[in-house]
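The primary structure of each chain is shown beneath.
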Amino acid sequence: MHLQETCVVTTWMRFVEKLLQVTEDPKYADELEKAFYNIYLASLNRDATEFAAYTPLNGYRSRGHHHCAMHTNCCNANGPRGFLAFLRALFQTDGETAIFNFYASSSESVYLPKLKEKVAFDIYTIYPAEGNVRIVNHTVQQMPFTVKLRIPAWSAKTVVKVNGRPVDGVKAGTYCTIARTWTIGDVVEIFFDMTTRAHVLNNHVAFTRGPIALARDTRFNDGDINEVFRRRSIKDGQAMEFAPVRAPSEDIWMAYSASLPIGTHTEHPDGRRPQTVFFCDYASAGNLWQPSNAYRVWFPMEFGPADK
């Protein structure tokens, strides 16, 4: 079965972008963000000249096939539309409200139709590699307007500050609304909860950090990436300790280490001990597009007595 066709992912991104525009429901921004930072970027090769037709969750990546009797794959034509969907939704306006759906280092200057004035901001962050965002108001004229900040559903404990003072009522899966008179130089700070969590399904486990799916990659040379995880030590939704580390290759965007219960050889004293393994962001995993560069997102777990 072919999984995660780039054309389908691009269509999904455009669909949820339109739903976000119509409904202003942040759950659609969550879906767009997850698709963009994971499967969409994973489908793009390192020099951004080609999209893969399919991008599996386990295995290795390769360039697409010839489609419709053409000497290319149709995902090369459809793929670039995903960038437009993300950028259109990055920063939006509604009446007298400036809406931050996503967070990337940038300068924003937009017109608020109800006020008939322009507002401007600079955003400083390396999100989603880290969870800290700093937004500086560069609107020249002092005036009242509203700022809405998307708080992703995965960020259970988010802190928002304006000029160093905490904002009350910040809740995951909603917009944090700040209505005030803004002065040039006002600073909004956001601290997202980037805890890594385990996701258990059908005797397999996967890990996410913020919006990013994590993967083991053979470039780390840290053992068999298909090795079984011990069931009793990992629960669904459990917070895990993953530490950022230096990547072994310039081709890897984010890298983390974790001490995890891998292997079923628990009768041996050393076999009972956790093992240090390494992960990278899914978009970087397998991006050499070679069979020798294998990766894995979902890992098998040992069966328990009640499993069939």
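Residues numbered from 1 in each chain as written. Predicted model: local features only at pLDDT ≥ 70, side-chain atom pairs only at ≥ 80, totals over all residues. Heavy atoms only, no water.

**Q** Go over the sheet that holds strand β11 (residues 187-191), please, and point to the residues and values.
**A** Spatially, the 6 strands line up as an open sheet ordered β4-β5-β6-β11-β8-β9, and their pairing is antiparallel. Unpaired on one side and paired on the other, β4 (106-112) and β9 (165-166) mark the two borders of the sheet. In the sheet, strand β8 (residues 159-162) pairs with β11 via 4 bridges, with the strands oriented antiparallel. What sits directly across from Val159, in β11, is Phe191. (Pairing = 2+ DSSP bridges. Helix = DSSP H or I, 4+ residues; strand = E, 2+ residues; numbered from the N terminus.)

**Q** Give a detailed account of the nonpolar core, specifying residues and quantitative values.
**A** Among the nonpolar cores identified, the biggest contains 82 residues, and Ile135, Leu149, Phe207 and Leu260 are the most heavily contacted of them. If one sorts the elements of this core by residue count, helix α2 (residues 26-42) sits on top with 10 residues. Beyond its immediate stretch of four places on either side in the chain, Leu260 contacts Phe207, Phe229, Met240, Phe242, Pro274, Gln275, Val277 and Phe279. (Core = buried A, V, L, I, M, F, W, Y, C linked by side-chain atoms within 4.5 Å. Buried < 20%, exposed > 50% of the residue type's maximum accessible area, 1.4 Å probe, protein only. Contact = heavy atoms within 4.5 Å.)

**Q** Residue-level account of the packing of helix α1 (residues 6-23) against helix α4 (residues 81-90), with values.
**A** Interhelical geometry of α1 versus α4 gives an angle of 20 degrees and a closest axis separation of 8 Å. When the axes of α1 and α4 are compared, the pair comes out roughly parallel. Crossing hand, α1 versus α4: left-handed. Contacts from Thr10, Thr11, Met13, Arg14, Glu17 and Leu20 of α1 reach α4 at Arg81, Gly82, Ala85, Arg88 and Ala89. The residue inventory of the contact of α1 with α4, partitioned by class, reads 4 nonpolar, 3 polar and 4 charged. (Axes fitted to C-alpha atoms, helices over the stretch in contact; angles between N-to-C directions. Parallel < 35°, antiparallel > 145°, perpendicular 65-115°, else oblique. Left-handed = near helix turned anticlockwise from the far one by under 90°. Nonpolar A, V, L, I, M, F, W, Y, C, P; charged D, E, K, R; others polar.)

**Q** Any chance you could break down α1 for me, citing the residues and the numbers?
**A** A rise of 1.5 Å per residue sets the reference length of α1, with its 18 residues, at 26 Å; its end C-alpha atoms lie 26 Å apart and thus fit the reference within 8%. Along its buried surface, α1 packs onto α2, α3 (75-78), α4, β2 (91-94) and β10 (174-182). In the segment just after α1, Glu24 is the residue with positive phi, at about 55 degrees. (Expected span 1.5 Å × (residues − 1).)

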